[in-house]
Amino acid sequence: MSTKARILEVAAALVARSPDGDVSTRAVCEGAGVGAPALYRHFGDKEGLLSAVVDHGWDKYLATKRERPPGTDPVEDLRDGWTTHVEFARANPNLFRLMHSPAMRTPPAAALEAHRILTADLQRAAAQGKLRLAPELAAQMIMSANVGVALMLVSRPATFTDESVSRRVRDAVHATVFTPEVTATPGTTSPGTASPVTAEAASAPAEPDEPRIPSTAARLNALLRQSPPPALTRAEGVLLKEWLDRLSNGF
């Protein structure tokens, strides 16, 4: 094992065992059997080391997503993705809090990759006519809610004791970003576990026009992204995307 890899492994182990998720560079150097100059040569400073620890941990998490072939139902993939995100946070509370700490001024590369994977799944849903918002906006909404729920569960476990919180928030957000037909489909949740939002979506009368315009615009945008029309110039394509984004997000 290289010196850099050994320092990283020790730092990750110390973060996981730390009562508050913090570590000192001295403890890392002692655990790795190296001097401070070696640590600073490989990582620059403590922030660089912790950023590398976050990337290292999320690389392990993202490995399962990179290897997972897309399913036939992107909505189901998104539900599973939400669940695995929360499970990862609970299994690695210190790492997860570090990942989203304000002290981490530069977003780790793995965090950006996770957002790209989420957006890609939403683009598949849009191409199937299941999304009522632009994939980029829907990704921001889902990621914000998913991270927020996970942070509350690992930071305030004594307060957030209801095991259904994560699922209920997920279903509420999904009811906003997906078309009514998707959230009202029977069998999308386990028997007896449907959230109030999902149940209401199933029984509420569908508006005839309003949901169709955003979902149609989102679907057309996704299809044009897959196969850009040769008849349009690059500038025209950019303008068309802007119009479709406005239609997707304007309702």
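Heads up: the structure comes first, above all this text.
Here goes a summary of the coordinates provided. Keep in mind it's a predicted model, so treat the numbers as computed, not measured.

1. Quick notes on the nonpolar core
Then, in step 1: Ranked by size, the top nonpolar core spans 58 residues in total, and within it Ile-7, Trp-58, Leu-122 and Phe-178 carry the most contacts.
Then, in step 2: In terms of residue count, the dominant contributor to this core is helix H8 (residues 135-155) (ten residues).

2. Overview of the environment of Asn-146
Then, in step 1: Within the element layout of this structure, Asn-146 appears in helix H8.
Then, in step 2: Here the alpha-carbon distance between Asn-146 and Val-173, two residues 27 residues apart in the chain, equals 9.4 Å.
Then, in step 3: In contact with Asn-146, other than residues within four places in its own chain, are Gly-81, Trp-82, His-85 and Val-86.

3. Quick word on the pattern of salt bridges
Pairing between side chains of opposite charge can happen when the charged atoms of each approach one another.
Then, in step 1: Counted under the stated rule, the structure contains ten salt bridges.
Then, in step 2: With a shortest N-O distance of 3.3 Å, Asp-73 and Lys-130 are connected by a salt bridge. Here Lys-130 lies in the loop between helix H7 (109-127) and H8 and Asp-73 lies in the loop between helix H4 (46-67) and helix H5 (74-91), a separation of 57 residues in the sequence.
Then, in step 3: With its nearest N and O atoms 3.4 Å apart, the salt bridge here joins Glu-76 to Arg-79. Of this pair, Glu-76 and Arg-79 both sit in helix H5, three residues apart, which is roughly one turn of that helix.
Then, in step 4: Through salt bridges with shared partners, one network takes in Asp-77, Asp-121 and Arg-124.

4. A look at helix H3 (residues 36-43)
Since there are 3.6 residues in each turn of an α-helix, residues three or four apart along the chain are aligned in direction.
Then, in step 1: Every buried residue belonging to H3 is among Ala-38, Leu-39 and Phe-43, and all of these are buried. The buried residues of H3 occupy an angular sector of 100° when projected down its axis, which confines them to one face. Opposite the buried face of H3, at more than 90 degrees from it, the exposed residues are Pro-37 and Arg-41.
Then, in step 2: Looking at the buried residues of H3, the elements they touch are helix H1 (3-17), helix H2 (25-32) and H4.
Then, in step 3: Immediately beyond the C-terminal end of H3, within one or two residues, lies Gly-44, with a positive phi of roughly 85°.

About the thresholds
Residues numbered from 1 in each chain as written. Predicted model: local features only at pLDDT ≥ 70, side-chain atom pairs only at ≥ 80, totals over all residues. Heavy atoms only, no water. Core = buried A, V, L, I, M, F, W, Y, C linked by side-chain atoms within 4.5 Å. Buried < 20%, exposed > 50% of the residue type's maximum accessible area, 1.4 Å probe, protein only. Helix = DSSP H or I, 4+ residues; strand = E, 2+ residues; numbered from the N terminus. Contact = heavy atoms within 4.5 Å. Salt bridge = Lys/Arg side-chain N within 4 Å of Asp/Glu carboxyl O. Arc of directions from axis to C-beta.

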